[in-house]
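Chain by chain, the residues:
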Amino acid sequence: MFFVDTIEIEGLGNRHYLAGGAHAAVAVDPPRDIDQVIAAAARRGVRITHVVETHLHNDYVTGGLELARVTGAAYLVPADARVSFARVPVRDGDVVGIDSGLSLRAVATPGHTPHHTAYVLEEDGVAAVAFTGGSLLIGTVGRPDLVEPRLTEQLARAQHASARRLAAELPDAAAVLPTHGFGSFCSSGEAGGDSGTIGREKSVNDALTKDVDTFVAELLAGLEDVPAYYTHMGPANAAGPAPVDLTAPAVADGDEIAARLAAGEWVVDLRHRVAFAEGHVAGSFNFEADGKLATYLPWLMPWGKPVTLLADGPEQLARAQRELVRVGVDRPAAAATGTPERWVRDGEAPAYFRRAVFRDLAAEREAGRGPVVLDVRRDSERAGGWIEGSVHIPVHQLPQRIGDVPAGTVWVHCAGGMRAAIAASLLDAAGRDVVAVDAGFDRAAAAGLTVTLPRP
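Remember, it's a predicted structure, so these values are computed and weren't measured experimentally.

Examining unusual backbone geometry
- Of note in the backbone geometry, Asp 29 takes a positive phi value of approximately 50° without being a glycine.
- With respect to the helices, strands and loops of the structure, Asp 29 is situated in the loop between β3 (24-28) and α1 (35-44).
- The class for Asp 29 is buried, based on a relative accessible area of 0%.
- Here Asp 124, not a glycine, exhibits a phi torsion of approximately 50°, which is positive.

Digging into the environment of Gly 222
- If you trace the backbone, Gly 222 turns up in the loop between α6 (212-221) and α7 (230-239).
- Taking the C-alpha atoms as reference points, Gly 222 and Arg 87, 135 residues apart in sequence, are found 36 Å from one another.

A few points about α7
- Listed in full, the buried residues belonging to α7 are Tyr 230, Met 233, Gly 234, Asn 237 and Ala 238. Seen from one end, α7 has its buried residues packed into an arc of 120°, which puts them on one side. Summarising the geometry of α7, the exposed residues directed more than 90 degrees from the buried face are Thr 231 and Pro 235.
- Two residues or fewer past α7, Gly 240 is found with a positive phi of approximately 100°.

Quick look at the pairing of strand β4 (residues 47-52)
- Of all 6 residues in β4, 5 are buried; the element is thus mostly enclosed.
- When β3 meets β4, the two strands line up parallel, connected through 5 bridges. If you follow Ala 25 over to β4, its bridge partner there is Ile 48.
- Each parallel crossover has a hand, and for β3 linked through α1 to β4 it is right-handed.
- Both β4 and strand β5 (residues 74-78) contribute to a ladder of 3 bridges, which runs parallel. Counted as the bridge partner of His 50 is Ala 74 from β5.
- Considered for its hand, the β-α-β crossover made up of β4, helix α2 (residues 64-71) and β5 is right-handed.

Points about the sheet that holds strand β20 (residues 391-392)
- Read from one edge to the other, the open sheet built from 5 strands follows the order β17-β22-β21-β18-β20, with strand pairing classed as parallel. The sheet is open, and its two edges are formed by β17 (354-356) and β20, each paired on a single side.
- Across 4 bridges, the pairing between strand β18 (residues 372-375) and strand β21 (residues 410-413) is parallel. Across the sheet, Val 373 pairs through a bridge with Trp 411, a residue of β21.
- The sheet contacts of helix α12 (residues 358-366) involve β17, β18, β21 and β22 (434-437), and relative to β21 the element is tilted by about 150°.

Thresholds applied
Sequence order sets the numbering: in each chain, residues are counted from 1 along the sequence as written. The predicted origin of the model limits local features to residues at a pLDDT of at least 70 and limits the giving and counting of side-chain atom pairs to 80 or more, whereas totals for whole chains, interfaces and linings rest on all residues. Neither water nor hydrogens contribute to the side-chain values; these are computed over all heavy atoms in the structure. Each helix corresponds to a stretch of at least 4 residues labelled H or I by DSSP, and each strand to a stretch of at least 2 residues labelled E; elements are numbered beginning at the N terminus. Under the scheme applied here, a residue whose accessible area is under 20% of the maximum for its type counts as buried, over 50% as exposed, and between as partly exposed, the area being computed with a 1.4 Å probe on protein chains only. Regarding the arc, it is the one traced by the directions from the helix axis to the C-beta atoms. At least two bridges found by DSSP between two strands are what make those strands a pair. Call a crossover right-handed when, viewed with both strands pointing away from you, the route from the first strand across the helix to the second goes clockwise. Residue contacts are defined here by distance: any two heavy atoms, one from each residue, within 4.5 Å place the two residues in contact. Interaxial angles span 0 to 180 degrees and are taken between N-to-C directions of axes, which are lines fitted to C-alpha atoms, for helices over the stretch in contact.

Shape is all these values report; function is a separate question.
Have a look at this one:
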């Protein structure tokens, strides 16, 4: 009998795995904070003898090199991946033993990257689980445009062929366990469920139900913007990431926070958007710790910019640090916990801005006050409908396009509220009069706003 434990990183939309038998286990695509994987092995009472990477990841910094060093495990990396550290190069068809009756077979699956490799866990010679990384996902595939624009179509065609190879070589009952596809921008589309098998994928996955030309054309047409920080992940993984330091940062008082803002550094408030709107340090930005912090903060923040974190308590701060090291934001310059009254200089008061729902926006328009409506959703979201007369700037473009927002009071919305809060904080820091619409976009029409739908 074998086991597979899933380590889910919800903020990044990824999953990592520990699989093995009674005595030994393999870690697949481990996260940077390796203590989770070590704890999972301890609970099982097994030794991690192998660490494997399906590819050089573009959306997070791996913990594979450090996990192998700490545990003494063999570190398996696709042979064609160009790296600067010692590893066991893996080629198509290579097989390694994991435990009694358990082995891991490498299957070349180029597409997400040129060197991508899936690993099939076999029990007594029968394929039971396919760790598919960024290749065959649940109902979709990994995107092929993260390596080099000139290779995108070629990799998309390879992705189609790789998915079909897995479907042809593996039994229908084999589980499909990808790393990406649960909210990760490494996925070319939304996952079609929470779990899958080869048999299920044969009936629902476009790579397995459509011819290659149709598949490639539709895949390429549906690709969205790539998070800006992705450009730093591949090189970090190829160089060999350093161990993480999750100790608490130096504590900043109001004077230091003000000085860091004056120096052009980023001060990030991790509290919930309601608390931020009601009171915050002027010039700070709101990225909720319980939102997709590790996606949106490094996407919007200039890479390498010193960042000071403000949290409501030590636990929130520690969670944020853990999320950020996963994407290479290793050490906050400083931090503070508590309330904004403790983060401003003596004699100063916290700043604030208004919150509203779509009904309030409709009333504002009916009164003839003509507010600016800013939609910060992605292009694909707006394509499904938008508020008549609204301005569209996706939130990840806003730091560079603040000047494109028309004059006047800005009512900013997204699909649910979290990204609108980010955008509102950016506008507020720039000195704009802003109202954050904290409501689901699906309520806009019912609130009395005219929602323009795309032409059929």
